[in-house]
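# What the coordinates show
Chain by chain, the residues run as shown.
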Amino acid sequence: ENPEYPQAYCNLGFLLLSTQRNLVEAEALYNKALSLDPDYERALLNKAALYIISDRKVQARKILLDVIKKHPDNKEAKEALATINPQSKIRNPQF
């Protein structure tokens, strides 16, 4: 039992988002995970996905660009960015 375990908050946020579409609670849990580990890649990607779902694409784009800057090989971030910003020069090499 570790109340400071960011993965648990991230996983719970994903569960609430995917099963109940509870955007508010999921975002709060992603924020909690990121407060414990600001560079936690999965929480950042999940939060960006939540922003895309809730039509907050400007915020999603900022997160995805930050992820790509820190992790240039992250295909998931590049693919998500391409869905909200099709003219982006950051592409998955498979496209």
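Our subject in this report is the structure included herewith. Note that this is a predicted model, so its numbers are computed, not measured. (Residues numbered from 1 in each chain as written. Predicted model: local features only at pLDDT ≥ 70, side-chain atom pairs only at ≥ 80, totals over all residues. Heavy atoms only, no water.)

Turning next to the environment of L44. Residue position: L44 is located in helix α3 (residues 41-53). On the accessibility criterion, L44 (15% relative accessible area) is buried. When the C-alpha positions of L44 and L64 are compared, they lie 7.8 Å apart, and in sequence the two are 20 residues distant. Not counting chain neighbours up to four residues away, the residues in contact with L44 comprise L34, P38, D39, I63 and V67. (Helix = DSSP H or I, 4+ residues; strand = E, 2+ residues; numbered from the N terminus. Buried < 20%, exposed > 50% of the residue type's maximum accessible area, 1.4 Å probe, protein only. Contact = heavy atoms within 4.5 Å.)

Turning to the environment of K32, a few remarks are in order. Following the sequence through the fold, K32 ends up in helix α2 (residues 23-36). The partly exposed category is assigned to K32, whose relative accessible area is 31%. Sequence separation between K32 and A8 is 24 residues; the distance between their C-alpha atoms is 10.0 Å. Residues contacting K32, with those up to four places away along its chain left out, are E4 and Y9.

Two elements in contact, α3 and helix α4 (residues 57-70), have axes whose closest approach is 8 Å; the angle formed by their N-to-C orientations is 155°. Relative to α4, the element α3 lies roughly antiparallel. In this structure, the crossing between α3 and α4 has a hand that is left-handed. Only K57, Q59, A60, I63, L64 and V67 of α4 make contact with α3, whose side of the interface consists of E41, L44, L45, K47, A48, Y51 and I52. (Axes fitted to C-alpha atoms, helices over the stretch in contact; angles between N-to-C directions. Parallel < 35°, antiparallel > 145°, perpendicular 65-115°, else oblique. Left-handed = near helix turned anticlockwise from the far one by under 90°.)

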